[in-house]
Amino acid sequence: MHLEGSCHCGAVTFSLTSAHPYPYQRCYCSICRKTQGGGGYAINLGGDSASLKVQGRKHISIYHAKMKDDGEKRAHRSTAERHFCSQCGSGLWLFSPQWPELIHPFASAIDTPLPVPPEHTHLMLGSKAPWVEVDAKPGDQQFEVYPEESIAQWHERLGLVR
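Remember, it's a predicted structure, so these values are computed and weren't measured experimentally.

Cut-off values and rules
- Residues numbered from 1 in each chain as written.
- Predicted model: local features only at pLDDT ≥ 70, side-chain atom pairs only at ≥ 80, totals over all residues.
- Heavy atoms only, no water.
- Pairing = 2+ DSSP bridges.
- Helix = DSSP H or I, 4+ residues; strand = E, 2+ residues; numbered from the N terminus.
- Axes fitted to C-alpha atoms, helices over the stretch in contact; angles between N-to-C directions.
- Phe/Tyr/Trp six-rings, centres within 6.5 Å; stacked < 30°, edge-to-face > 60°.
- Buried < 20%, exposed > 50% of the residue type's maximum accessible area, 1.4 Å probe, protein only.

Structural notes on the sheet that holds strand S6 (residues 53-55)
Part 1: Spatially, S1-S2-S6 is the arrangement adopted by the three strands of the open sheet, whose pairing is antiparallel. In this open sheet, the two edge strands, each paired with only one partner strand, are strand S1 (2-6) and S6. Within the sheet, the average angular offset between the axes of one strand and its neighbour, ignoring direction, is 15 degrees.
Part 2: Relative to strand S2 (residues 13-17), S1 is paired through five bridges, and the arrangement is antiparallel.

Take a look at the structure:
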């Protein structure tokens, strides 16, 4: 599926191809919640990094989250890159060098109408803010950390690959 996205002020627009466009995976971790999740979570899609086309690249800044694992005294810098508009602050996509073939646009930045998912996966619930209410429906999956099923595997399991 061809996806088009933009920031709020219009300084950055982008497009990419996604075989996995359903916005089903709600991440409640503090990084997603604080950088993208006004409702207490963020939704990332899966896309083909080779297909990414960007206009207004000079207005993009990159944030590397600070992460601290249990038992560590110091935080370390994540290798994952959160791209956002330096003009209006809109989050655009996440890229991880761990999976260079993938790009993860934030569903909130996509302008193309997205398909409605038949179920949701709620992940990183162990990190959610206490004020956040998880709106889990029958059939939804819930995880304290990460599910073993990837975005691609979820789409394949439900026959939703585009």
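Re the packing of aromatic side chains
Part 1: Under the criterion given, the structure shown has four aromatic pairs.
Part 2: Taking the centre distance of 6.2 Å and the plane angle of 55 degrees together, the rings of Tyr22 and Trp154 count as tilted. Within this pair, whereas Tyr22 is found in the loop between S2 and strand S3 (25-27), its partner Trp154 is found in helix H2 (residues 151-157), the two being separated by 132 residues in sequence. In this structure, Tyr22 and Trp154 share a single accessibility class: buried.

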